[in-house]
Amino acid sequence: MEEAIKIKEWINYYSDVAILVSKANTETLEAGKALLLSLRKLNKNATLAEIEDCPQTEKISKPSNNPPQADFLISIKEGGSKLSQLFYEKTSAGLNLFLKTDGKELKKEDIILKPLKQEQLLITIGIDCYEKVPANLKEKSNFILNIDNKTNNQWFGDINLIEYDKPIEEISFRVIKVLGEMLFEKESSFNFFSPVVVSLFKKAFLNLSFNKKSNILIAKLSHLDFLESKAQITDIKFILEKLTSELFSFQNFLLLWEQNSSPLAVRGVFYSKQNQENIEKIAKVFTAEQKNNSLIFKTKETNLEKAELQIINILS
């Protein structure tokens, strides 16, 4: 929980975010693309770059267009007011600037304070040491989120999400879940839907987990989840539309829910944009109906965990 709070704080703070992945690992590129899309939905100036898996030896050079000892620039827009004189006075509390103008009165909004140092958040995925980060990113980056699963990672980040036994996608998804929570707060498209369906969607999203055996995301909704959100089974459609939209754009996921029929039974949707073979595997076992990249199916299980295990075994 504390880790998620820190990630959220730093993503909120920085407008510019650079994502750096290794060319040697295609999994890092897919994880980077998912993060890039989510960050841009949050209106962040996000970029994605790949590097060869070899150390960088270039030196860091300072920008030549900024005064070497200046950290901030005060800009004054004159407009109809002409700046004729400027002097300052040092006090025990700080510094006073005195401006004399001719013409129109100078307003507060005409005075702008800009930091000269470039600041950005750097997210590295599959990069094991700081030496591999290109010099231009080292110069600009003030905070590093380091995501990796290699045992030789040097833990060079301000936040290090390093788990040796887990796929990169699973570790990266922890960040995407944080971004998803931030999108709930800012995404205006949610305002067009009733609080009931949005509440059910949040339950499904926040319950998403990554299964490394089958390499898919899984969400489960209990009968209690429907009761607490006051949602209906028909509201499942909203969840599917959002998870497959550009807002989240998940490539593979499994959604299971308890349907309060007689008797209680587990129903599901398997979505895959990349693997038609997995859709066919599930369709052979269950009564199912396919619509584009989604397979809607019925199980004979009454327990969500047992249904999940059965499907994971089918896909493995």
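Residues numbered from 1 in each chain as written. Predicted model: local features only at pLDDT ≥ 70, side-chain atom pairs only at ≥ 80, totals over all residues. Heavy atoms only, no water.

### Examining the overall build of the chain
Part 1: Secondary structure summary: the chain contains nine helices and 15 strands in total.
Part 2: Of the roughly 18100 Å² of accessible surface on the chain, a fraction of 49% belongs to carbon and sulfur atoms. (Helix = DSSP H or I, 4+ residues; strand = E, 2+ residues; numbered from the N terminus. Areas by Shrake-Rupley, 256 points an atom, 1.4 Å probe, with all protein chains shown as cover.)

### Quick look at the environment of Gly180
Part 1: Mapped onto the secondary structure, Gly180 falls in helix H4 (residues 168-186).
Part 2: Taking the C-alpha atoms as reference points, Gly180 and Phe205, separated by 25 residues in sequence, lie 8.0 Å from one another.

### Section: the packing of helix H8 (residues 276-285) against helix H9 (residues 304-315)
Part 1: Across the interface, H8 lies against H9 with an axial gap of 9 Å and an inter-helix angle of 125°. By the angle class used here, H8 and H9 are oblique. In the packing of H8 onto H9, the handedness of the crossing is right-handed. Touching Asn278, Lys281, Ile282 and Val285 of H8 are Gln310, Ile311, Ile314 and Leu315, all from H9.
Part 2: Class assignment for the residues of the contact of H8 with H9 results in five nonpolar, two polar and one charged. (Axes fitted to C-alpha atoms, helices over the stretch in contact; angles between N-to-C directions. Parallel < 35°, antiparallel > 145°, perpendicular 65-115°, else oblique. Left-handed = near helix turned anticlockwise from the far one by under 90°. Contact = heavy atoms within 4.5 Å. Nonpolar A, V, L, I, M, F, W, Y, C, P; charged D, E, K, R; others polar.)

### Let's talk about the packing of helix H5 (residues 195-206) against helix H7 (residues 236-243)
When two helices pack together, their arrangement is given by the angle between their axes and by how far apart the axes lie.
Part 1: Interhelical geometry of H5 versus H7 gives an angle of 60° and a closest axis separation of 9 Å. Our classification of the angle between H5 and H7 gives oblique. When you trace H5 past H7, the crossing you get is right-handed. Contacts from Val197, Val198, Leu200, Phe201, Ala204 and Phe205 in H5 reach Phe238, Ile239, Lys242 and Leu243 in H7.

### What to know about helix H2 (residues 26-41)
Part 1: Taking 1.5 Å per residue, 16 residues should reach 22 Å; H2 reaches 23 Å between its end C-alpha atoms and fits that length.
Part 2: Those residues of H2 lying buried are Thr28, Ala31, Gly32, Leu35, Leu36, Ser38 and Leu39. (Expected span 1.5 Å × (residues − 1). Buried < 20%, exposed > 50% of the residue type's maximum accessible area, 1.4 Å probe, protein only.)

### Things to note about the sheet that holds strand S2 (residues 45-51)
Part 1: The strand order across the open sheet formed by five strands is S2-S1-S7-S8-S9, and the pairing between neighbours is parallel. Among the strands making up the open sheet, the edge pair consists of S2 and strand S9 (159-162). Adjacent strand axes in the sheet meet at a mean angle of 15° when their direction is disregarded.
Part 2: Sheet topology places strand S7 (residues 120-125) next to strand S8 (residues 141-148); six bridges connect them, and they run parallel. Its bridge partner lying in S8, Ile125 is registered against Ile147.
Part 3: Most of the contacts of helix H1 (residues 2-13) go to S9, to which it runs at about 125°, and overall it touches S7, S8 and S9.
Part 4: Seen against the sheet, H2 touches strand S1 (16-22), S2, S7 and S8 and runs at an angle of roughly 170° to S2. (Pairing = 2+ DSSP bridges.)

### Section: the pairing of strand S14 (residues 287-291)
Each regular strand shows side chains that alternate between the opposite faces of the sheet.
Part 1: Inspection of the sheet shows S14 paired to strand S15 (residues 294-298) by five bridges, in the antiparallel sense. Each bridged residue has a counterpart across the sheet, and for Glu289 the counterpart in S15 is Ile296.

### Brief notes about the packing of aromatic side chains
Part 1: In the structure shown here, the tally under the stated rule is ten aromatic pairs.
Part 2: Taken together, a centroid distance of 4.8 Å and an interplanar angle of 90° make the contact between Tyr13 and Tyr14 edge-to-face.
Part 3: Relative accessible area serves as the criterion here: at 52%, Tyr13 is assigned to the exposed category.
Part 4: With relative accessibility at 5%, the residue Tyr14 sits in the buried group.
Part 5: For the ring pair Phe87 and Phe98, a centre distance of 5.0 Å and an interplane angle of 15° mean the geometry is stacked. Taken together, the residues span a long stretch of sequence, with Phe87 in strand S4 (residues 81-90) and Phe98 in strand S5 (residues 95-103) at a distance of eleven residues.
Part 6: What links up through ring pairs into an aromatic cluster is the set Trp10, Tyr13, Tyr14 and Phe143. (Phe/Tyr/Trp six-rings, centres within 6.5 Å; stacked < 30°, edge-to-face > 60°.)

### Thoughts on the environment of Ser272
Part 1: Within the element layout of this structure, Ser272 appears in strand S13 (residues 265-272).
Part 2: Classification of Ser272 as buried rests on a relative accessible area of 2%.
Part 3: C-alpha of Ser272 to C-alpha of Asn252: the two residues are 20 residues apart in sequence and 4.4 Å apart in space.
Part 4: Apart from residues no more than four positions distant in its own chain, Ser272 is found in contact with Gln251, Asn252, Ile279 and Asn293.

### What about the pattern of salt bridges?
Part 1: In the structure shown here, the tally under the stated rule is eight salt bridges.
Part 2: Glu170 is the partner of Lys166 in a salt bridge, and the nearest nitrogen-oxygen pair spans 3.9 Å.
Part 3: According to the relative accessible area criterion, Lys166 is partly exposed, its value standing at 28%.
Part 4: Judged by its relative accessible area of 14%, Glu170 falls in the buried class.
Part 5: In this structure, the salt-bridge partner of Glu228 is Lys203, at a minimum N-O distance of 3.0 Å. (Salt bridge = Lys/Arg side-chain N within 4 Å of Asp/Glu carboxyl O.)

### Quick word on the sheet that holds strand S10 (residues 209-211)
Part 1: One open sheet accounts for six strands, arranged S10-S11-S12-S13-S15-S14; its pairing is mixed. A single partner strand is all that each edge strand has here, and the edge strands are S10 and S14. Going across the sheet, the axis of each strand differs from the next one's by a mean of 25°, ignoring polarity.

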